[in-house]
Amino acid sequence: MVKAFNTIFAQLIPKEARKADKIPVFIATNDEAAREFVTKLVRSLAFEPILLILNDVFS
C-alpha cells in the first residue's frame, strides 16, 4: 500500500498551474518496489518526492 498525492490539489497537477518550481509530494509506504514506482511517477510529473519510511506501522 502506498499513500501519495493526498496533499496536492487537483488544480496543481498540470505543471503550468504551479508557481513554485518543485512542490513536495509525501510518499508513505513500507513496500520498497511500490516506493520506487511512485517516486518515479512523482518525478515524471515534476513534483519533488518526500519519502516517509514506515517500517512496522502496517504490520
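Summarised in this report is the structure supplied together with it. (Residues numbered from 1 in each chain as written. Predicted model: local features only at pLDDT ≥ 70, side-chain atom pairs only at ≥ 80, totals over all residues. Heavy atoms only, no water.)

This next bit is on the side chain of T29. For T29, the position within the fold is in strand β2 (residues 24–29). The class for T29 is buried, based on a relative accessible area of 1%. For T29, the side chain forms a polar contact with the main-chain nitrogen of D31, separated by 3.1 Å. (Helix = DSSP H or I, 4+ residues; strand = E, 2+ residues; numbered from the N terminus. Buried < 20%, exposed > 50% of the residue type's maximum accessible area, 1.4 Å probe, protein only. Polar contact = N/O pair within 3.5 Å; in protein donor to acceptor, adjacent residues only side chain to side chain.)

Turning to the pairing of β2, a few remarks are in order. Strand direction decides the pairing type here: strand β1 (residues 2–3) and β2, joined by 2 bridges, are antiparallel. Note that in β2 the partner of V2 across the bridge is T29. Two strands pair when backbone bridges link them, and β2 and strand β3 (residues 48–53) are joined in this way by 6 bridges, in the parallel orientation. By the bridge assignment for β3, V25 is matched with P49. Assessed by its sense of winding, the connection that carries the chain from β2 through helix α1 (residues 32–44) to β3 is right-handed. (Pairing = 2+ DSSP bridges. Right-handed = clockwise from strand over helix to strand, strands pointing away.)

This part takes up the environment of I8. You can see I8 is positioned in the loop between β1 and β2. Contacts of I8, omitting those with residues within four sequence positions, involve I13, I23, P24, V25 and F47. (Contact = heavy atoms within 4.5 Å.)

What follows covers the sheet that holds β2. Sheet architecture is open: 3 strands sit in the order β1-β2-β3, paired in mixed fashion. Looking at strand neighbours, the two that pair on one side only are β1 and β3, the edges of this open sheet. Set on the sheet, α1 makes contact with β1, β2 and β3; between it and β3 the angle comes to about 160°. (Axes fitted to C-alpha atoms, helices over the stretch in contact; angles between N-to-C directions.)

Our next topic: the packing of aromatic side chains. With the rule as written, the count across this model stands at 1 aromatic pair. Geometrically, the ring pair formed by F5 and F47 is edge-to-face, given 6.1 Å between the ring centres and 85° between the ring planes. With F5 in the loop between β1 and β2 and F47 in the loop between α1 and β3, the pair connects residues that are 42 residues apart, well separated along the chain. A residue is classified by how much of its surface remains accessible, and F5, at 22% relative accessible area, is partly exposed. (Phe/Tyr/Trp six-rings, centres within 6.5 Å; stacked < 30°, edge-to-face > 60°.)

Read these as spatial facts, not as claims about activity.
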